[in-house]
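Topology and contacts: notes
Residues per chain are reported as follows:
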Amino acid sequence: MEIIHTKMGLGGLEAFTPGIYDCYSNELYHAYAAVSKSDLDLLHRSAAHYRASMTIPREETSEMRLGTALHCSVLEPERFTSTYIVVEGDRRTKAVKEIVKAAEEAGKIVMSPDDMDAVQGMTNSIMESKNAVTLFQGAGAELSAFADFDGTPVKCRPDIFSEQLGLIIDLKTTIDASPEGFARACRRFRYHVQDAWYRHVLGKVLGVDADDDLSFVFCAVEKTPPYAVAWYTLDPKDGELGWNEALADLHVYQTANETGMWSGYSPKIETLSLFK
């Protein structure tokens, strides 16, 4: 695998060059115009929803902020220590508001004591796992991969990728990390599509078979004590289904991009079945 170290312009590559980069910040990665898994989720709803997302900023929820903090704590511990701070007290008061404002102006990310405890608890649980010791060693974190599918720029950003093992690892915070609970989360958030998308994007860049040469593992950690951790791979049939769904979503994008028709839901009167 060739890691390219050179940035080629804010907001994207000046000339599209498929590859795996270790120099892109999360913000720069998201600024580059290529289809991602989160884009596929919007396209799965409709082309209109994807189009709207281009002009309407996606609102960051408290759950997303907690997940971002966990990723930083696990994957970039030094940056987490230097960036994230705790501010105690009622944020509605003038004194605390001033402290928070000063911290943010200094480039810090302010967390509540409870959120900091949760991030540290989840981080400890993950890093104390034998799988983490084995699978994280020698792997790259927060890489950005760009490829081309039939003339369409695509991308993914694996949390952890081990070239030696051909293994992609993704960290997921969840309410229930049990097999039944996480399976429900996989269906709800289409993690099977992420599994397939990441393997195929990286496989295209590396020139290897996405199914035979690359594997995908979820590290699921619960957001509340005891911050239990579980590790999962998906059944190959689910991976195949995920890839078929990804291709269907990508086709929606390609068709809309070619025709200029970013349609919403079906214009026909459809029949609903409530109890399939």
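Scroll up to find the structure this text is about.
Here's what I pulled together on the structure shown here. (Residues numbered from 1 in each chain as written. Predicted model: local features only at pLDDT ≥ 70, side-chain atom pairs only at ≥ 80, totals over all residues. Heavy atoms only, no water.)

**Some words on the pairing of strand E11 (residues 229-232)**
For a regular strand, side chains alternate in direction, first toward one face of the sheet and then toward the other. When strand E10 (residues 215-222) meets E11, the two strands line up antiparallel, connected through 4 bridges. Opposite Ala220, over in E11, you have Ala230 as the bridge partner. Connecting E10 to the next strand, E11, in antiparallel fashion are 6 residues, including Tyr227 with a positive phi near 55°. (Pairing = 2+ DSSP bridges. Helix = DSSP H or I, 4+ residues; strand = E, 2+ residues; numbered from the N terminus.)

**Things to note about the pattern of salt bridges**
Inspection of every chain in the model, using the stated rule, returns 11 salt bridges. In this structure, Asp41 and Lys37 form a salt bridge, with 2.7 Å as the shortest nitrogen-oxygen distance. Here Lys37 and Asp41 lie together in helix H2 (residues 37-45), a separation of 4 residues that amounts to about one turn. Asp195 serves as the salt-bridge partner of Arg199, at 2.6 Å between the closest nitrogen and oxygen. Separated by 4 residues within a single helix, Arg199 and Asp195 lie in helix H10 (residues 191-206), roughly one turn from each other. (Salt bridge = Lys/Arg side-chain N within 4 Å of Asp/Glu carboxyl O.)

**Some points on unusual backbone geometry**
The omega torsion of the bond from Pro225 to Pro226 falls at 10°, within 30 degrees of zero and hence cis. Along the chain, Pro226 falls in the loop between E10 and E11. Despite not being glycine, Asp150 shows a phi value in the positive range, around 55°. Relative to the assigned elements, Asp150 resides in the loop between strand E6 (144-149) and strand E7 (152-156). Its relative accessible area of 76% is what places Asp150 among the exposed residues. (Buried < 20%, exposed > 50% of the residue type's maximum accessible area, 1.4 Å probe, protein only.)

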